[in-house]
Protein chains: 2
Amino acid sequence: MEEQQLIFTNHVAEALDNILAEIGPAKVFVLADVNTAGLVLPRLQAESKAAAEAETIIVKAGDMNKNLESLSLIWKQLGERGATRHALLVNLGGGVVTDMGAFAAATFKRGIKCVNIPTTLLGAVDAAVGGKTGINFNGLKNEIGAFSLATAVIISTTFFNTLPEQELLSGYAEMLKHGLISDKHIYDSLLKYRIAMADPQRLLELLEQSVKVKEDIVRRDPTEQGIRRALNLGHTIGHAFESLALERRSPIPHGYAVAWGLVVELVLSHMKMGFPADELRRFAGYVLENYGAFDFTCDDYPELLRFMSHDKKNETPDQINFTLLRNIGDLQIDCTATPEEITAALDIYRDLMKL
Amino acid sequence: MEEQQLIFTNHVAEALDNILAEIGPAKVFVLADVNTAGLVLPRLQAESKAAAEAETIIVKAGDMNKNLESLSLIWKQLGERGATRHALLVNLGGGVVTDMGAFAAATFKRGIKCVNIPTTLLGAVDAAVGGKTGINFNGLKNEIGAFSLATAVIISTTFFNTLPEQELLSGYAEMLKHGLISDKHIYDSLLKYRIAMADPQRLLELLEQSVKVKEDIVRRDPTEQGIRRALNLGHTIGHAFESLALERRSPIPHGYAVAWGLVVELVLSHMKMGFPADELRRFAGYVLENYGAFDFTCDDYPELLRFMSHDKKNETPDQINFTLLRNIGDLQIDCTATPEEITAALDIYRDLMKL
């Protein structure tokens, strides 16, 4: 895959006009969902000449609309409104818009350029960077897609002021994950920042640090053959929590599930790899304070284990795959844990989270 | 893009079993259309253990079914019949099957491996090699797709004995094109072979030579930024002939259109680049003898020029893009010709073809 230009700025319109002047596309399209079309696009159009002159394509919001129907609509609009292979698509939105828009761009006339402008913290730190694009299909998340890097990603915190705090915390969990897999300095700076205080300039600095952790890993392993699996830290357990919550009909935000999943996987890291107990307690305390706790009893263990055994990272269903840490920044991909070990870790999680 | 393994053999089953043993996929699927499922798949299953044990997916035949509906069916069947990201798809068929199957593989779970087994000469020399994958969409050919190389392509002439001679000649025109853009030795060997004599072993040798010409160009320019446009020789005029024939409701085979398009583009090459007159006459004679002539009058010129001006290779509609030759193997991409020059070339074509 080609290189991806990452631009960290709180002057988004200027950055967009500059990058488009540099690329020189034949025609510019902006993809937004109904939310960003109402809240964010007008702000961008007011300041960016390119955005004001672009054709806009608007799709329905929400993960349930990250589907083939919306994708077809994007392809169709591009074709019918004169996109050649020299056109460029700007994806303005959260993970749904950047995932789907970047996939549409990767496949329209065998690939046109795109620029991602994530409008959520989770999108900025996760979906918009690193080239995983796609849609949900046949009831499965991201079943269809491609590894394809946006030409540029403009990362800013200016649009986050319209987001609820829960949404910010959800994104921040992925930043904590990047802290855990990078180094103690980055990790410490994250634990010191209080998301509720909402300092956009400081958040942009932390975000830059965090995105670069991801970018570095993606550059080394774009298609997840090895080290990129480090980015799955917290997600094996986290996905099981999300699935359980969905089954109970009270869904939890993805980032919250990751935060709680990280606690359990650090417990496993402590048990199996000697991850320091004091760091574990410190992290669990931070999560409890900011995210509260995901509540379950030992009656839920079999169901949680069942969800984990279906994880697409596993080689076989009874060997559950994890990334574990020996210490902050010292990781080991392709670990496995037995149901007994996971059960023990879930017990300790419930202790730590005072359940 | 990664490297693509090309296997030239008339022992297809053995080659398939070997390559699958080497790759070691978790599960194998074979995609065929209703024609190859009836005529070719049983032969392959009788000799190849892997093919006999594979799950089969069957789609409707024909270019009009190279569409989103068939693609969705392939994705769905893969998912519902247990394809993980370690599964592999074998595409057994002509250009429709290999284009669409390879695109399905490139996008299922962000990419699984695939092996192409072209069953037509045109497929072997053109569609199955080089990573251009995709489907027709919204009335446009190959509107949606990706550049994605099959892991391996098994090229054989053993399945061609079920093909009508017209089909073989159609594929042979692309081989002639590869001869023209490579060197005099390859070109001469092609003009000496008589397709009607049907010597499969000799055809396989010529095919290997020819595919390697394409492979070499694709390796230097996988996404058609420059030199890969050389492969469009004959196609600017050829596509216009195809469109005119379609408008007259008497469609012509793609390769025939390319053969006739090559004659006109060699005339242009002679006029603008000094391509030798005797080589031009020799080529026109070969085409006339084997393909006959595409018949039109000067009343059709405006319509032909209109089709050319819509070609997606043009930068602007009135500068029509061509690849031209100074001599066999000595090419110049990104040439343009005026309507007057093209008109003159069409006149000369009609003379050469005794119309």
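Predicted, not measured: the structure shown is a model, and the values here were computed from it.

*Asks:* Tell me about the overall build of chain A, and name the residues and values.
*Replies:* For chain A, the helix and strand inventory stands at 15 helices and ten strands. Scaling as 2.2 N^0.38, a compact globule of 355 residues should have a C-alpha radius of gyration of about 20 Å, and chain A matches this with 20 Å. For chain A, the spread of C-alpha atoms along the three principal axes comes to 60 × 40 × 35 Å. Across the 355 residues that make up chain A, the buried fraction comes to 58%. Counting every atom, chain A has about 14,000 Å² of accessible surface; 50% of that belongs to carbon and sulfur. Across chain A, 35 positive and 46 negative side-chain charges occur, with their mean positions spaced 4 Å apart.

*Asks:* Can you tell me about the packing of aromatic side chains, naming the residues and giving the values?
*Replies:* Residues and elements named next belong to chain A. The final tally for this structure, using the stated rule, is 24 aromatic pairs over all chains. Measuring from ring centre to ring centre gives 5.8 Å for F241 and Y349, while their planes differ by 50°; the resulting arrangement is tilted. With F241 in helix α11 (residues 235-247) and Y349 in helix α15 (residues 339-352), the pair connects residues that are 108 residues apart, well separated along the chain. Take Y349: its relative accessible area is 0%, and that puts it in the buried class. Linked through ring pairs, F241, Y256, W260, Y291, F294, F296, Y301 and Y349 together constitute an aromatic cluster.

*Asks:* Account for unusual backbone geometry, naming residues and giving values.
*Replies:* Phi at A:D334 is positive, roughly 60°, even though this residue is not glycine. As for its position among the elements, A:D334 is in strand β10 (residues 330-337). Under the relative-accessibility criterion, A:D334 is labelled partly exposed at 40%. A positive phi angle is found at B:K354, which is not glycine, with a value near 55°. Here B:K354 is to be found in the segment after α15 (339-352).

*Asks:* Give me the interface of chain B and chain A: which residues, what numbers.
*Replies:* On the chain A side, the residues contacting the 28 residues of chain B number 28 residues. Note on chain B versus chain A: buried area summed over both sides is about 2,600 Å², and carbon and sulfur give 53% of it. Connecting chain B to chain A are four salt bridges. The shortest N-O distance in the salt bridge between A:E143 and B:K109 comes to 3.0 Å.

*Asks:* Describe the relation of the copies chain B and chain A, with residues and values.
*Replies:* Once chain B has been moved 0.0 Å along the axis and rotated by 180°, it coincides with chain A to within an RMSD of 0.0 Å. Here the two chains are linked by the operation of a two-fold rotation axis. Here 100% of the contact residues of chain B are again contact residues in chain A; the copies associate through an equivalent surface.

*Asks:* Describe the nonpolar core, and please don't skip the residues or the numbers.
*Replies:* One finds A:Y172, A:F241, B:Y172 and B:F241 to be the most contacted residues of the largest nonpolar core, which totals 216 residues. If we ignore the near neighbours within four places in the chain, the residues touching B:Y172 are B:L121, B:L190, B:Y193, B:I195, B:L203, B:L206, B:Y286 and B:Y291.

*Asks:* Which residues make up the sheet that holds strand β1 (residues 5-8) of chain B, and what values go with them?
*Replies:* Sheets are built from strands paired through backbone hydrogen bonds, the pairs being either parallel or antiparallel. Residues and elements named next belong to chain B. Taken in spatial order, the six strands make up an open sheet running β1-β8-β5-β4-β2-β3, and their pairing is parallel. In this open sheet, the two edge strands, each paired with only one partner strand, are β1 and β3 (55-59). Strand-to-strand twist across the sheet, computed as the mean angle between neighbouring axes with direction ignored, equals 20°. Pairing geometry for strand β2 (residues 28-33) and strand β4 (residues 88-93), over five bridges, is parallel. Residue A32 lies in a different strand from β4, and its bridge partner there is L92. Set on the sheet, helix α1 (residues 12-23) makes contact with β1, β2, β4, β5 (113-118) and β8 (152-155); between it and β8 the angle comes to about 165°. Sitting on the sheet, helix α5 (residues 68-80) touches β2, β3 and β4, and the angle it makes with β3 is about 165°.

*Asks:* Any chance you could break down α15(B) for me, citing the residues and the numbers?
*Replies:* Residues and elements named next belong to chain B. Between its terminal C-alpha atoms α15 stretches 20 Å, which fits the 20 Å expected from 14 residues at 1.5 Å a residue. Those residues of α15 lying buried are I342, A345, L346, Y349 and R350. Around the axis of α15, the buried residues are gathered within 140° of arc, so they sit on the same side. Exposed residues lying more than 90 degrees from the buried face of α15 are E340 and D351. Looking at the packing, one finds that the buried side of α15 touches α11 (235-247), α12 (254-273), α14 (301-309), β9 (320-327) and β10 (330-337).

Rules used throughout
- Residues numbered from 1 in each chain as written.
- Chains lettered and ligands numbered in written order.
- Predicted model: local features only at pLDDT ≥ 70, side-chain atom pairs only at ≥ 80, totals over all residues.
- Heavy atoms only, no water.
- Helix = DSSP H or I, 4+ residues; strand = E, 2+ residues; numbered from the N terminus.
- Rg over C-alpha atoms; globule rule 2.2 N^0.38 Å.
- Buried < 20%, exposed > 50% of the residue type's maximum accessible area, 1.4 Å probe, protein only.
- Areas by Shrake-Rupley, 256 points an atom, 1.4 Å probe, with all protein chains shown as cover.
- Lys, Arg positive; Asp, Glu negative; His and termini not counted.
- Charge placed at Lys NZ, Arg CZ, Asp CG, Glu CD.
- Phe/Tyr/Trp six-rings, centres within 6.5 Å; stacked < 30°, edge-to-face > 60°.
- Contact = heavy atoms within 4.5 Å.
- Buried area = accessible area lost by both parts, 1.4 Å probe.
- Salt bridge = Lys/Arg side-chain N within 4 Å of Asp/Glu carboxyl O.
- Least-squares fit on C-alpha atoms with pLDDT ≥ 70 in both.
- Core = buried A, V, L, I, M, F, W, Y, C linked by side-chain atoms within 4.5 Å.
- Pairing = 2+ DSSP bridges.
- Axes fitted to C-alpha atoms, helices over the stretch in contact; angles between N-to-C directions.
- Expected span 1.5 Å × (residues − 1).
- Arc of directions from axis to C-beta.

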